[in-house]
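Below, each chain spelled out in residue letters.
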Amino acid sequence: MNAFSHAAPPPSREAAVRQRRGVLGGVADRLAQTLPVGARVRLSWQHPALGTGSDIGVTGEPASAGALRLGWTGPEGIILNVVASHPRDWPEGIAQYWPESARQLVDQAVLAVLATQQIESLQRSEQLRQALFEIADLAGSALDLQVMLRKVHSIIGELMYADNFYIVLYDDRRQVMRFLYFVDQLDPWVNDPEQEIQVTEEGNTLTMHLLRSGETLRGPSTMLREMFGIPDQPENGPDSADWLGVPMSRDERVMGALVVQNYRKANVYSEDDRILLAFVAQHVLTALERRQTRKQLESRVAERTADLQRANDELQAEIIERKRVQDIQRALYRIAELSMTSESLGHFHAEVHDIVSGLLYARNFYIAMLSEDGSMLEFPYSVDERDPDRKPRKLADGLTEYVLRTGQPLLADRERIGELEAEGKVRTHGTHAAYWLGVPLLHGDQVVGVIAVQSYSGDVKFSAGDQDLLTFVAMHIGSSLQRKQAQDRLVQAHAGLEQRVSERTRELAEANVELVEQISERMRAERKLIHQAMHDALTGLPNRLQLLDRLGRAISSAARDPEACFAVLFMDLDRFKLVNDSVGHAVGDELLVEAGRRIVGCVRGSDVVARLGGDEFAILAERLENPGKAEELAHRVLAALSAPVWVAGRELFPSASIGIAVWHPRYHSGEEMLRDADAAMYRAKQDGRDRCAMFDEEMHREATRSLDLEADMRRAIQSEQFLPHYQPIVDIRSGEVFGHEALLRWQHEQLGLLLPGQFLDIGEDSGLIEQVDWLMYARVISDIASHSLPGYVAINVSPRHFRAADFSSRLLGLIEGAGLGPDRLRVEITEVALLDDAPRTRECLDVLRRHGILAQLDDFGTGFSALSYLHRFPIASLKIDRSFVSGLEGNVRHESIAVIRAIIALAGSLNIELIAEGVETEGQRQTLIELGCTHAQGFLFGRPVPLALSGLDG
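Residues numbered from 1 in each chain as written. Predicted model: local features only at pLDDT ≥ 70, side-chain atom pairs only at ≥ 80, totals over all residues. Heavy atoms only, no water.

Participant: I tried to follow the overall build of the protein on my own but got confused; where do I start?
Facilitator: Helix and strand counts for the protein stand at 28 helices and 33 strands. Relative to the 2.2 N^0.38 estimate, which gives 30 Å for 954 residues, the radius of gyration of the protein is 49 Å and therefore markedly larger than a compact globule would have. Taking all 954 residues of the protein together, 45% fall into the buried category. When the accessible surface of the protein is split by element, carbon and sulfur atoms take 50% of a total near 48,500 Å². Charged side chains of the protein number 102 positive and 138 negative; the gap between the two group centres comes to 3 Å. (Helix = DSSP H or I, 4+ residues; strand = E, 2+ residues; numbered from the N terminus. Rg over C-alpha atoms; globule rule 2.2 N^0.38 Å. Buried < 20%, exposed > 50% of the residue type's maximum accessible area, 1.4 Å probe, protein only. Areas by Shrake-Rupley, 256 points an atom, 1.4 Å probe, with all protein chains shown as cover. Lys, Arg positive; Asp, Glu negative; His and termini not counted. Charge placed at Lys NZ, Arg CZ, Asp CG, Glu CD.)

Written as structure tokens, this is what we have:
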């Protein structure tokens, strides 16, 4: 334990006399010396600063008889009285000359005392100021806390006796205290700065009383304990002759205390010491708080920095992964295209080499194939720095043959190759490689060849990631190579079929190009969404967010002004989808930009023109004279849009439908006005397009009916009015039922049976559709468990379910609770679900597949293509969208056949089963059979019906 001793110099004789007799002690002796020997003198005084006191000379108290008496007001208003006597009569004349000299002597003594006190006060103030500066400096230093507190202790020791000193912190809410610092000469207790001690009534001590009361305590510890009823407990330390404790407070809350004590002398601590220690205590508390605040700030800065670093690392990893996936996807498209477009196998091999070179180091690359009889190893393609000519050889024990025998990839450095050679498993043919990577080429489950890359320099290494990448690419190269070889054999054997092969290759290439364009479009859309915060990226106009902000301000202003009139015009370009489908999205974008320019040209400078998305625009027209001005504006816009426009060499005649919602006090948000303007726009479309419509009470009533339907939906959930209808999935040739799809229906009490299209939008907007889905899932699982439904049953799962962390566990819990085999249930998702949150969706589907629940991809080919993700997801079935099936009969027959062929080829390469949706005619069925489709679903085989009418109930 550290002790801080501060020895004071011994007091002078004059100081000792002053301490014994008062501040003017000794002056009476000096007065007596100015009188005859034997004189006795008494001096008394009264002053606010010097107090009240008296001083009697060493010869004793003066007598009353014959005494000389003086009284006057001295310096600084001190009241002085002097009484002098002598055993004999005073010498003649002393009463005339002595009083004046006595006054001068006493006044000089008073002035000296006042000056001394002022000097001592200034010295003490300077010492206190310096101490506070040092404490403040310590608070901002980087010293260890205990080192800092020891220095604070040293500073306090310079102001008063503080050999025994401690600092305690207090939490009044949790009723705990911590002895942050403790130094004592007699008490052997050692504090732990982190230990929390409970403050209880039963464990009462002087320190606890000080913390609870917040009052300063000063005096002998025995007296203080008796005063507050605190028992004498040896474990609380020895009693002190003088004890001084002051609280550290902040906002009327006691945060701790400073305590000093003296075990030897009483009355060591004065009122000035109490005031001084209380003042220092607040600065010590401030220093501790500053130190704690700085520590917390540094901790938060460190945490924030770490969070930002992690976020940056994750973003960089995602960017690298996306780029890698894009490179792989482009490589796979090129490989698939090469199998159809390469002029020869030699050209195909060279192109494959070029593709692989774009993914990893492939300066030394070769393709090895087994001969048809399996006895020879042939090298149809080889590029190598050291061994430029690889000739066919009989199967031996080389690295290539090792991969052929094991059917597993081999990644080996020089040391690993040496180990294999020592074990007698391989023998090097040709120049020794520093690193060698070979992966098998498969045809079905059979190994037919090897793709290998190697380096002759220790600086170029192959990693496990390179092995996985080359293995994945080899899967597609193997199937593409087999197709190419088969095509070449067919060309040689059936020269007359060359035209049909060429057409098939072109159709697949076009399908691949179209799919690539869709993927690129989706990626561009994602980048635009990131960029678009307040403005539309295509037209430069304000977007929906900015429009809603302006609308909100306009509504707030109109609520205070009864004369206010403004309107929202919601417009949609007529038949814009036809433009996109016929002449492409690029032309459509140019048309949107031109439409935006024309709309802006029709409005005033204060109006806001916004693009809400797609072909939807909106105008906020404020400070209108009357609602008719809004209709006039709508007609001007329609006239401007109707003028012909030349885009990409084509003359187009655009038109639009406009809905108008005029300000009414019932509106409380911009969304409500946009909603009503949107409703009016649909009324304009229904009335024939190229016109405007004003939102009226009839439309308001229609909106109210939507609200009523939402309320009905909430009640329907409680009464379980939602039920599944089952439509069979069959073998397209035999008609044998392969499974069922469960389709949602609502048995409304008043409106009868409702299809999803009549209530799904309301359910999605209100969030109720998730509750409806779980009711459906439970009902379907119960039906499967209790009835003889053949095959599996597929349930539709929306993307929002995959955003819930407990979806898979909850679904598996329903299946387990019903005692149902997981293979009896499948989940059916759309392409949007794959692209919405790909990592979370893949994780969820992987969990379900491990438990036996397979996934089907619905409406394949209609949205943004999921081809770039398809190979990464556990998809068991693809469902060809009904739009392609219906196109098999009509003007788009050839396009539909080409797309379906591409999808069948893709599914075959990925080993995924196919189901054609919406099959309604025998002609469609026959065409699908010819194309190679195996399963189908549609009205031709059965309509969706409840379980009671399916013939399987019971």
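That shown, we press on.
Participant: Looking at this structure, how should I read the packing of aromatic side chains?
Facilitator: Within a pair of aromatic rings, the relevant descriptors are the distance that separates the centres and the angle that separates the planes. All chains considered together, the criterion is met by 17 aromatic pairs. Ring plane angle 55° and centroid distance 6.0 Å describe the contact between Phe165 and Tyr181, whose orientation is recorded as tilted. Of this pair, Phe165 sits in strand S5 (residues 164–171) while Tyr181 sits in strand S6 (residues 176–183), and the two are 16 residues apart along the sequence. Judged by its relative accessible area of 3%, Tyr181 is buried. Ring centres 5.4 Å apart and planes at 90° place the aromatic pair Trp746 and Phe759 in the edge-to-face group. Here Trp746, found in strand S25 (residues 737–748), pairs with Phe759, found in the loop between strand S26 (752–754) and helix H19 (760–766); they are 13 residues apart in sequence, far enough to count as distant. Take Trp746 and Phe759: they sit in the same class, and that class is buried. Within the aromatic cluster, the residues linked to one another by ring pairs are Tyr166, Phe179, Phe182 and Trp189. In this arrangement the basic side chain of Arg666 is found over the ring face of Tyr667, its NZ or CZ atom lying 5.1 Å from the centre. (Phe/Tyr/Trp six-rings, centres within 6.5 Å; stacked < 30°, edge-to-face > 60°. Lys NZ or Arg CZ within 6 Å of the ring centre and 35° of its normal.)

Participant: Help me out: how do you make sense of the sheet that holds strand S13 (residues 393–394) in this one?
Facilitator: Across a sheet, strands are paired by hydrogen bonds formed along the backbone, either parallel or antiparallel in direction. Strand order in the open sheet formed by 6 strands is S13-S12-S11-S16-S15-S14, with antiparallel pairing between adjacent strands. The outermost strands of the open sheet, each flanked by one partner alone, are S13 and strand S14 (410–413). In this structure, strand S11 (residues 365–370) lies alongside strand S16 (residues 446–455), joined through 5 bridges in antiparallel fashion. If you follow Phe365 over to S16, its bridge partner there is Val453. (Pairing = 2+ DSSP bridges.)

Participant: What should I look at first to understand the pattern of salt bridges in this one?
Facilitator: Side chains bearing opposite charge may pair, as long as their charged atoms lie close to each other. Under the definition given, this model contains 40 salt bridges. Measuring nitrogen to oxygen at the nearest pair gives 3.7 Å for the salt bridge that ties Glu421 to Arg414. Between Glu671 and Arg544 there is a salt bridge, with the nearest N and O atoms lying 3.2 Å from each other. With Glu671 in helix H17 (residues 670–686) and Arg544 in helix H13 (residues 544–560), this pair connects stretches of sequence that are 127 residues apart. The class for Glu671 is partly exposed, based on a relative accessible area of 39%. Salt bridges here are not isolated pairs; linked through shared partners, they connect Glu741, Glu828, Lys879 and Glu917. (Salt bridge = Lys/Arg side-chain N within 4 Å of Asp/Glu carboxyl O.)

Participant: What is the right way to read the packing of helix H15 (residues 585–602) against helix H16 (residues 627–642) from this model?
Facilitator: When two helices pack together, you describe them by how their axes are tilted relative to each other and by the distance separating the axes. Across the interface, H15 lies against H16 with an axial gap of 9 Å and an inter-helix angle of 140°. By the angle class used here, H15 and H16 are oblique. Relative to H16, H15 is oriented so that their crossing is right-handed. Contact with H15, carried on its side by Ala595, Arg598, Ile599 and Cys602, involves Leu633, Arg636, Val637, Ala640 and Leu641 of H16 and no other residues of that element. Partitioning the contact of H15 with H16 into residue classes produces 7 nonpolar, no polar and 2 charged. (Axes fitted to C-alpha atoms, helices over the stretch in contact; angles between N-to-C directions. Parallel < 35°, antiparallel > 145°, perpendicular 65-115°, else oblique. Left-handed = near helix turned anticlockwise from the far one by under 90°. Contact = heavy atoms within 4.5 Å. Nonpolar A, V, L, I, M, F, W, Y, C, P; charged D, E, K, R; others polar.)

Participant: Explain helix H5 (residues 206–213) to me, please; I cannot follow it from the model alone.
Facilitator: Helical geometry note: an α-helix holds 3.6 residues per turn, so side chains three or four residues apart project in the same direction. In terms of burial, H5 is largely enclosed, as 6 of its 8 residues are buried. Of all the residues in H5, the buried ones are Leu206, Thr207, Met208, His209, Leu210 and Leu211. Looking one or two residues past H5, Gly214 carries a phi angle of roughly 75°, positive in sign.

Participant: It is not clear to me how the packing of H13 against H17 should be interpreted in this structure. Could you clarify?
Facilitator: Where H13 meets H17, the axes come as close as 8 Å, and the angle between the chain directions of the two elements is 110°. Classified by the interaxial angle, the pair formed by H13 and H17 is roughly perpendicular. Every residue of H17 that contacts H13 at Arg544, Leu547, Leu548, Leu551 and Ile555 is listed here: Gly670, Glu671, Met673 and Leu674.

Participant: Help me out: how do you make sense of unusual backbone geometry in this one?
Facilitator: Positioned with a positive phi, Glu252 is a non-glycine residue whose angle comes to about 65°. In this structure, Glu252 sits in the loop between strand S9 (242–250) and strand S10 (253–262). Taking the relative accessible area as the measure of exposure, Glu252 reaches 85% and is therefore exposed.

Participant: Help me understand the nonpolar core, please; the structure alone is not making it clear to me.
Facilitator: It is characteristic of soluble globular proteins that their nonpolar side chains tend to be buried jointly. If you look at the biggest cluster of nonpolar residues, it comprises 69 residues, and the most contacted ones within it are Leu811, Ile875 and Leu878. At 8 residues, the largest contribution of residues to this core is made by helix H20 (residues 769–786). Dropping the residues within four chain positions of it, Ile875 is found in contact with Ile829, Leu845, Arg849, Ala855, Leu857, Leu870 and Ile912. Met571, Leu573, Val645 and Cys692 belong to the second largest nonpolar core, which has 33 residues in total. (Core = buried A, V, L, I, M, F, W, Y, C linked by side-chain atoms within 4.5 Å.)

Participant: Explain the pairing of strand S15 (residues 435–443) to me, please; I cannot follow it from the model alone.
Facilitator: Counted residue by residue, S15 has 7 buried out of 9 residues, so it is predominantly covered. Bridge analysis of S15 against S16 gives 9 bridges, and the strand direction is antiparallel. Each residue of the ladder has a partner; that of Trp436, found in S16, is Gln454. With antiparallel pairing between neighbouring strands as the criterion, S15 and S16 make up a hairpin whose turn holds 2 residues, including Gly444 at a positive phi of roughly 70°.

Participant: Could you clarify how one ought to interpret the side chain of Thr841 in this entry?
Facilitator: Mapped onto the elements, Thr841 comes out in helix H24 (residues 838–850). The class of Thr841 is buried, set by a relative accessible area of 1%. Apart from residues lying up to four places away in sequence, Thr841 is in contact with Phe802, Ala833, Leu834 and Phe873.

Participant: What should I look at first to understand the sheet that holds strand S19 (residues 616–621) in this one?
Facilitator: If you trace the 5 strands from one edge of the open sheet to the other, you get S18-S19-S17-S22-S23, paired in mixed fashion. Edge positions in the sheet fall to strand S18 (608–613) and strand S23 (691–694), since each has one partner strand and no second. Taking each pair of neighbouring strands and ignoring which way they run, the sheet shows an average axis angle of 20°. Packing of H13 onto the sheet brings it into contact with strand S17 (567–573), S18 and S19, and relative to S18 it is tilted by some 135°.

Participant: Would you explain the environment of Ala278 in this entry?
Facilitator: With respect to the secondary-structure elements, Ala278 resides in helix H7 (residues 271–341). The class of Ala278 is partly exposed, set by a relative accessible area of 23%. Sequence separation of Ala278 and Pro247 is 31 residues, and the distance between their C-alpha atoms is 7.1 Å.

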